[in-house]
Structures are given as structure tokens and as C-alpha cells.
Amino acid sequence: MSVREEFDEWAASGKDRGMEERHWHTAKHALARMPIEPGDVVLDLGCGSGYAGRALRETKGAGRVYGLDGAPEMARNAAGYTADPGVGYLVGDFDSLPFAADSIDHVWSMEAFYYAADPHHTLEEIARILRPGGTFYCAVNYYEENVYSHAWQESISIPMTRWDRDQYRSAFHDAGLYVAEQDNVPDREITIPDADEFPTDDWDSREEMVERYREYGTLLTVGVAP
Amino acid sequence: MSVREEFDEWAASGKDRGMEERHWHTAKHALARMPIEPGDVVLDLGCGSGYAGRALRETKGAGRVYGLDGAPEMARNAAGYTADPGVGYLVGDFDSLPFAADSIDHVWSMEAFYYAADPHHTLEEIARILRPGGTFYCAVNYYEENVYSHAWQESISIPMTRWDRDQYRSAFHDAGLYVAEQDNVPDREITIPDADEFPTDDWDSREEMVERYREYGTLLTVGVAP
Amino acid sequence: MKESLLEILRCPLDKHELELEDAEYADDGEEVVSGVLVCSECGERYPIEDGIPNLLPPDMREETPA
Amino acid sequence: MKESLLEILRCPLDKHELELEDAEYADDGEEVVSGVLVCSECGERYPIEDGIPNLLPPDMREETPA
Ligand SMILES: Nc1ncnc2c1ncn2[C@@H]1O[C@H](CSCC[C@H](N)C(=O)O)[C@@H](O)[C@H]1O
Ligand SMILES: Nc1ncnc2c1ncn2[C@@H]1O[C@H](CSCC[C@H](N)C(=O)O)[C@@H](O)[C@H]1O
């Protein structure tokens, strides 16, 4: 299946809103860190429901926010959730970003980057479209150290890239981005049942669930264009 | 009183270790974010007891860590706390940093930057000594939004600079640093008594203490040298 | 989409500028509801449908069932 | 201080290189315990005491009570 087919299906079944709710637990902390000045142009790669860009408009006064997604139904849903004239959505692919060089102030991506067919090339594309000093906030829950995420590949037909922390930093450097920060942003909001309720459907032990959410959380790597 | 006199006194009375203990609550989270690669050269400005640099040696394999402080007794204490040959201390002033251009990979500073006599010039000095892509992690508890810190100036003879979030970002930009991140790092560790124990010696109400520590915490601004 | 997006939008293949053709506008006269974006260099055509431009490279776009 | 620090240490006033004079070393032969750092350009002298170099600009250093 293609990105379009896979994720159009997710959009049609309402998964876009479900992801928004779960991802928000950690995404909001990473979004709050972004050095966005009023009027800045922000791009959300793999925007899903588009919540991240809308939050940046509201909290930081971003001038224009564009959400790009490879699944037309995702972009269509996202457009349906807002009437804000400063927000726009488009369909496109991570591998060939349809933007001019130096045209974007900041790029955000949550739980999407690792679907890129050629992630090294996507980083080069991001470095190309960012203006000097622009940042790329790359947030992922699927990565090597988070062993609890490894099985996710089995339930999706798109090949996923599973880098570790070092590989993210090296790949950013290889693409010509400076690395300004790397962090695990914990999810402190998901409800973790009492010990006697384990095993649950999804978790063998409470310790594992705590490690997954409170410790590993979301891996954030921040790149800066030279 | 000069920086030397004021802070030599603090060092002599053991305040360096007291600050280390309190500052660690938030400093450790900011330190963990630093994109330090094994072998990197790191400078800690206003190092006090020197705990931050030692932590970066231990956790990230920084190659050499230098702690600079304007108070000789601070540097002397710091040197006494470690036998690590990769760590060194020196006496110097924020306003005229004794380092070559492009010679430092990353600069850290906790609760010290605002004592600089000319903070704009100190930022220019930092931009000068950082290699391209090097970061400046600037952490402060004394800043405009943290209204609970405003009175601190009354108990110290060194003039303190009280910028707000925007002023930090602008000043970084003016000095030629990109801003990669700005964040409030909460202190989740300090014990906050139950409501019925307020007022305490230091706090009128529990709400205020919660706001001070859990919300405002430490203001972190991350700059990147072009 | 707003016409202002054209300032920074480029052909995904060769990154050249796009020209807007056959544009239909919403009642406010600001929002482009449908039309075609044409690459000024390679001539590739990208549709705008329901106000959303589709800038997928043609080989990915053509997977779309008719 | 280690001699390796000299590679990046500069005169705080004019940022020129420093030369190490009258160095005394610890038993391991690596650590400079005392000596003077002299600016190769302006000739300003900065003391090393108990292994810690004092690179304060002279007007700030001279506040030190004798
Ligand atoms: N190669 C590619 N190009 C563009 N978008 C892609 C893509 N691969 C996956 N995506 C999109 O990336 C999204 C991943 S799901 C994450 C959605 C959103 N960022 C959130 O946090 O909830 C999906 O909407 C999917 O359609
Ligand atoms: N102008 C200046 N130049 C160099 N050091 C200075 C300075 N003004 C203040 N300092 C130093 O900055 C320190 C501030 S106290 C903070 C110490 C340490 N970073 C910690 O987190 O605990 C003191 O040790 C003081 O001597």
C-alpha cells in the first residue's frame, strides 16, 4: 500500500483525531519550545489533523502555517477543522518538498518523519527550504531506544526508519543541519493503571508502561539551518 | 562590592554547594538536552561549584570541560571537588572571555548570565568563541516573568539584568546567535508544603509557590552560532 | 489555498515557480477553490481540488484511483 | 591547569596568544601548578596560582587585597 492509501484510510476512520489526542501529551511541550516569532511561516510535515500548526498560530502568532500531508483525506480533514485564514493545507511527499529555498522559518513534524522513503534526502530537502537560523523540530515515538515501539512496523505496510538517538544527530549533521537539542519528552498525562491491573491488553507490567511513557516518551531532535 | 568579593564570600560560606543542590532540579533537564558529542569542549560560565561541567563529562563524554568564574574562591572550591583530568577551572570575567575564536563547542551557564556587566557584549563574546553550530544554553531563574525573583536584587550588590523572554531572544539575535529553543523548565522536585502550612517564612500562599517552581521554573534560551 | 502560498510554492520535481491557471475563487475572492498549478519550467500540472493543492510528484499522484 | 588549555586560552584584552613562563609542574608532570601567562602581543601578565589561571582583566584583578 502507498502512504496515500494507508493514511487516507486512517483519515476516513477518524484516526487523525485519535492521534491528535494522544500525541498532544508530548507534542505540546515540544511546540512550546519552538522559537517562533510573530509573523513566521511554519510548515508541519505529515500534519494529520493539523492540530500542531493551529496551536502555533494561536499561541505564538505564527503568520502563516502550512500543513503538508501525503494523504489527501488527511489534508481534507485538517482543512475542515479550521476556518483560520492563516492556515493552509496541501498534499505532497516528504521526498520532494514543493517549496522554494529559504522560504520557511520553522519546520515541525510529529510521528511522521520516519515514514519518509529516503529520510536522508528529506533532511536535505528540509535544510534547503529553511532560511538560515530556521529550525526543524523532529518528534518521534518510533525509534530504536523505545523498544516498545519496535512492533509497530508489523501493523503498517509503509517501511519505517528506526534510528537511535545518535543516528538522528548524525543524519541531521550529514544533511547540513546543526543539532541544537535532543531530548526525551515524557508523557505525564496518559493514565497508568495500578499495579494489580497488569497485565492489561497492551502491557505485561506496570514498569514497562511507565518506562515507555514517563521515561522514553517522545524523542525530540532539533536541527538548525546554517 | 565586586563580583569577586561578593561571590568569594558565598564560596567561603558554602553557598556554592547549596546552589548546586537547588539548581540541579532544573539544570539537569536542560543539561540532558545539550547536543554534546564525545570529545567536545564545553565551557561553563559562572560555574560556581562546577557541578554542571562534571555532569557533562560523566553523561555525555565531553572531552574537556572548563569552568570559568569571576570569584577565585569559587574556582578553587570547584577544583577541590574533582580529580578528573578532563576538567579545568579558571578565573575570568564574562565581559572579556579569555578564549580563541571558534574554540568552544558548547557553552553552558546557569543562574549567572544576568550578572554580566554588559550582557549584550557577553553574548557577542560567546558568539565569537563558539564554533559554527555550537550552542549556548543559557538558564536563568531571575527574569521578568518570574515576579517572585524580582526582589533578589535587593540582597546583592552586583547589578542584575532582568530581561523577559522576548528580550532574551532579541539579544541573542542582536549578538548574531540563532535562537533554537526557549522553554520554562519546571522544578518538580522542591517540596511544596500542604496548603494549611501557608503562609511560610518565604511564601504567602501555596499557589504562588506552585507558580514559581512548577510553572516558571528555569527559563532556558538556546542560541546557536552561525 | 490563498494566492499568497504561490510565493513560496514550487514544482516538487525541479523547484521552479508555478503558475496558476483556470482558477476559481470562493465568494470572498481570496481563497482559490480549484484550478491548476503549472510548472513554469517542466510544464507539469498539479491540480487544486476543494481548495487543496496536490503537489505530489506525478508518479505518486497517479496511484489515485480514477 | 593542563598545558592543553593554552591551545584555546587567549589574552582577555586583545585575544592574542599567551606564553607560559616560570611554570612549576605537579609530580605527574602534566598539571601546571604555578607560573605566569604572558600575552604575546600586549605583554600583560596573568598569574597561575594553585593550578588555577587568573585571566581577569588587570583592572578587575587588582581589586584583590594584597
Ligand atoms: N512520505 C510522506 N509524505 C507526506 N506525508 C506522509 C508521508 N508518510 C506519511 N505521511 C503522513 O504522516 C502522517 C503520520 S501520522 C501523524 C499525524 C500528526 N503529525 C500527529 O501528530 O497526529 C500521516 O498523516 C501520513 O499521511
Ligand atoms: N561577571 C562575571 N564574570 C564571571 N563570573 C561571574 C560574573 N558574575 C557572577 N559570576 C559568577 O557566577 C556565579 C553565579 S551563582 C551560580 C553558580 C552555578 N552556575 C550554579 O548553578 O550553582 C558565581 O559563582 C559568580 O562568581
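Note that the coordinates shown come from a computational prediction; the quantities given were computed from them, not determined experimentally. (Residues numbered from 1 in each chain as written. Chains lettered and ligands numbered in written order. Predicted model: local features only at pLDDT ≥ 70, side-chain atom pairs only at ≥ 80, totals over all residues. Heavy atoms only, no water.)

What follows covers the overall build of chain C. Regarding its fold elements, chain C presents 1 helix and 4 strands. Listing each helix as α and each strand as β along chain C from the N terminus yields β-β-β-β-α. In terms of overall dimensions, chain C is globule-like: its C-alpha atoms have a radius of gyration of 12 Å, near the 11 Å expected for 66 residues. Structurally, chain C occupies a C-alpha span of about 35 × 30 × 15 Å along its principal axes. Across the 66 residues of chain C, 39% fall into the buried class. (Helix = DSSP H or I, 4+ residues; strand = E, 2+ residues; numbered from the N terminus. Rg over C-alpha atoms; globule rule 2.2 N^0.38 Å. Buried < 20%, exposed > 50% of the residue type's maximum accessible area, 1.4 Å probe, protein only.)

A separate point is the interface of chain A and chain C. Each side of the interface is counted separately: chain A has 24 residues, and chain C has 20 residues. The largest per-residue losses of area from chain A upon contact with chain C belong to Arg4, Val91 and Pro98 of chain A, which jointly make up 27% of the total buried on that side. Here chain A is connected to chain C by 2 salt bridges. Ionic pairing is found between Arg76 of chain A and Asp50 of chain C, a salt bridge with its closest N-O pair at 2.4 Å. (Contact = heavy atoms within 4.5 Å. Buried area = accessible area lost by both parts, 1.4 Å probe. Salt bridge = Lys/Arg side-chain N within 4 Å of Asp/Glu carboxyl O.)

Take the pattern of salt bridges next. Residue and element names in this part refer to chain A. With the rule as written, the count across this model stands at 38 salt bridges over all chains. One salt bridge connects Asp8 with Arg4, and the closest N-O pair in it is separated by 3.8 Å. Of this pair, Asp8 and Arg4 are both found in helix H1 (residues 3–12), 4 residues apart, which corresponds to roughly one turn of the helix. You'll find Asp8 and Arg4 in the same group, each marked buried.

This brings us to the state of the cysteines. Scanning all chains against the criterion turns up 0 disulfides over all chains. Unpaired in this structure, Cys47 of chain B has its nearest cysteine sulfur neighbour in Cys138 of chain B, at a distance of 15 Å. Of all cysteine sulfurs in the structure, the one in Cys42 of chain C sits closest to Cys39 of chain C, which takes part in no disulfide; the separation is 3.6 Å. (Disulfide = S-S within 2.5 Å.)

Attention now moves to the arrangement of the chains. Chain B makes no contact with chain C; the smallest distance between any of their C-alpha atoms is 22 Å. Kept free of each other, chain A and chain D leave a smallest C-alpha distance of 22 Å between them.

To continue, consider the sheet that holds strand S2 (residues 32–39) of chain D. Residue and element names in this part refer to chain D. In space, the 4 strands of this open sheet follow the order S1-S2-S3-S4, with antiparallel pairing throughout. In this open sheet, the two strands that pair with only one neighbour each are strand S1 (18–25) and strand S4 (52–53). As judged from the 6 bridges shared by S1 and S2, these two strands associate in the antiparallel manner. Of the residues in S2, the one forming a bridge with Glu24 is Ser34. (Pairing = 2+ DSSP bridges.)

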